[in-house]
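Chain by chain, the residues:
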Amino acid sequence: MARRSAVLVTAVAAMSALWLPRPVAAQPASAVYRPGALTPFQQMTREIYQELVEIQTGVETGNITVAANAMAARFRAAGVPEADIFVGGPRPEKHNVVARLRGSGRGGPQKPILLLAHIDVVEALKADWSPEFDPFVFTEKDGYYYGRGTADDKAMAAIFVANVFRMKQEGYVPDRDIIIALTADEESGPANGVDWLLKNHRPLVDAALVINEGGGGTLRNGKPLFNSVQAAEKVTTNFTLRATNKGGHSSVPRDDNAITQLADALGKVGRYKFAVKLNDVTRAFFSQTAALEEPAMGRAMTALVKNVGDAAAVAVVTADPRYNSMLRTTCVATELKGGHATNALPQLAEANVNCRIYPSETAESVRAELERAVGDTNVKVIIRSQRPSTPASALLPEVMTPVTRITAELWGAMPIIPTMSTGATDSRFFRALGIPAFGVSGLFSDPTVDARAHGRDERMAVKSFYEGQEFLYRLTKALASAPTRQ
């Protein structure tokens, strides 16, 4: 761990100087996509994207195998040999697809690069969306593609598949193997595809490094502001808050009502603030983002980085929910049940509290902190499910250099900022094994209006989609041609 930490700190220190490239003459993003004039290759990409979005792969009610088989067919059509395509999983409806583009071996033996995307999605009901949209009908409107998974994570999946066609049509042969894995149940389902593949078919997905979701570009007023690379993430843990009682007839109420006690406890949890923390990745994020933010926010970020105990700075920065989540453990009630009859005192009341834990903390320490916040021994705080914390990925020059160069080629010189996801990704499985994993996509969005993943009217800007495709195509070729630490 000491060596890994030293590498990370050194890399982050280099990032603090704003990893800006020298000017490079290349095709800019403005030439990649023209509204109403898709190239034949872009039209094919759109068809793959639409096919994926319109296959119902809800993590609870969908069939992910249908999507896996559809993409396997696409790989075959692109010219990937049958022997290099794998479809399988632990359950009939939870299959994954893995395809491999064989490298030439130039430069000696090197482990592959892995392009990872999940093809399951969070559940969605048409009644919950705007009337003009159906979550499982791919819809283009006003410069956006709408549908469940358009952002999380079928955009990257479609791009990876389509880029195989392009590489095959161009006769491109990488120096090292390129693996594309499209997987099931990333969205907290019971049959996580990455976990299953690593435990049962590790050679299929063993790699020198992984490119996954979790990072992307940020727009402000429609213009690219910075590109981010996810190198760390918080840890998902679910707690059950449980109040029990012997019950009785509702006509004779008592003070120790299970539902009332649980409601009081949830109110305390909702108002509780965990301590503000920084790690190497978030320290670099706030240090660099300060220069790009509005003056008051930028000054507060700078002050916070210097002193996390600066209450005034903390108040300004954490007023933004996105930044607040990057600075501390957060816990929020997500499910609630209680009582058994309209005319009976409740014998049981329970709530699920979903916590996103700072990587340096543990589920047990958070449980103890929640108990203190609740302050009621009649309400039990139980760890329901937890995931282990994983180390951050060192910001390898082999990755950051091409990311910086290609970003400049497409959008001009801008900061490349490391970030920690407040949510969870499947990169955690690889980081736990010491395999560097990075969230980077080149898909730009405005977090103030486009943060719709898991929610109503999920969408992806059409322009951003095709620009992101070009970015990932160039990045894949750069990584497949460059030596990477084993």
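Structure first, text after, so check above.
Figured I'd write up the structure that's included with this text. (Residues numbered from 1 in each chain as written. Predicted model: local features only at pLDDT ≥ 70, side-chain atom pairs only at ≥ 80, totals over all residues. Heavy atoms only, no water.)

## Considerations on the sheet that holds strand S12 (residues 330–338)
Thinking step 1. Strand order in the open sheet made by the 4 strands is S12-S14-S10-S15, with antiparallel pairing throughout. Edge positions in the sheet fall to S12 and strand S15 (379–386), since each has one partner strand and no second. Within the sheet, the average angular offset between the axes of one strand and its neighbour, ignoring direction, is 25°.
Thinking step 2. One ladder, built from 8 bridges, connects S12 with strand S14 (residues 348–357); its direction is antiparallel. Within S14, the residue paired with Glu335 across the bridge is Asn352.
Thinking step 3. Its contacts with the sheet put helix H12 (residues 363–374) on strand S10 (235–244), S12, S14 and S15, and the angle it makes with S15 is roughly 155°. (Pairing = 2+ DSSP bridges. Helix = DSSP H or I, 4+ residues; strand = E, 2+ residues; numbered from the N terminus. Axes fitted to C-alpha atoms, helices over the stretch in contact; angles between N-to-C directions. Contact = heavy atoms within 4.5 Å.)

## Quick word on the side chain of Asn324
Thinking step 1. With respect to the helices, strands and loops of the structure, Asn324 is situated in helix H11 (residues 321–327).
Thinking step 2. Judged by its relative accessible area of 13%, Asn324 falls in the buried class.
Thinking step 3. Engagement of the side chain of Asn324 in a polar contact is seen with the side chain of Arg328, the distance being 2.5 Å. (Buried < 20%, exposed > 50% of the residue type's maximum accessible area, 1.4 Å probe, protein only. Polar contact = N/O pair within 3.5 Å; in protein donor to acceptor, adjacent residues only side chain to side chain.)

## Re the sheet that holds strand S19 (residues 459–461)
Each strand in a sheet pairs with another by means of backbone hydrogen bonds, the pair being arranged parallel or else antiparallel.
Thinking step 1. If you trace the 3 strands from one edge of the open sheet to the other, you get S4-S5-S19, paired in antiparallel fashion. The open sheet has two free edges, formed respectively by strand S4 (139–141) and S19, since each of these has just one partner strand. Each strand axis lies, on average, 25° off the axis of its neighbour in the sheet, ignoring direction.

## Here's the deal with the nonpolar core
Thinking step 1. In terms of nonpolar packing, the biggest core is built from 81 residues, with Tyr49, Phe75, Ile178, Ile180, Leu182, Ile211 and Phe471 touching the most fellow members.
Thinking step 2. It is helix H4 (residues 154–169) that provides the largest number of residues to this core, a total of 11 residues.
Thinking step 3. Phe75 has contacts with Val80, Ile85, Val97, Ala99, Val161, Val164, Ile180 and Leu182, leaving out every residue within four places of it along the chain.
Thinking step 4. Core analysis: the second largest hydrophobic core is formed by 22 residues, Leu241, Ala265, Val353 and Leu370 among them. (Core = buried A, V, L, I, M, F, W, Y, C linked by side-chain atoms within 4.5 Å.)

## Here's the deal with the pairing of strand S7 (residues 209–212)
Thinking step 1. Taking every second residue as pointing to the same face, both faces of S7 are buried, with Leu209 and Ile211 on one and Val210 and Asn212 on the other.
Thinking step 2. In this sheet, S7 lies alongside strand S3 (residues 113–118) in parallel orientation, the contact comprising 3 bridges. Note on S7: the bridge partner recorded for Leu115 is Ile211.

Worth remembering: the numbers are spatial, not functional.
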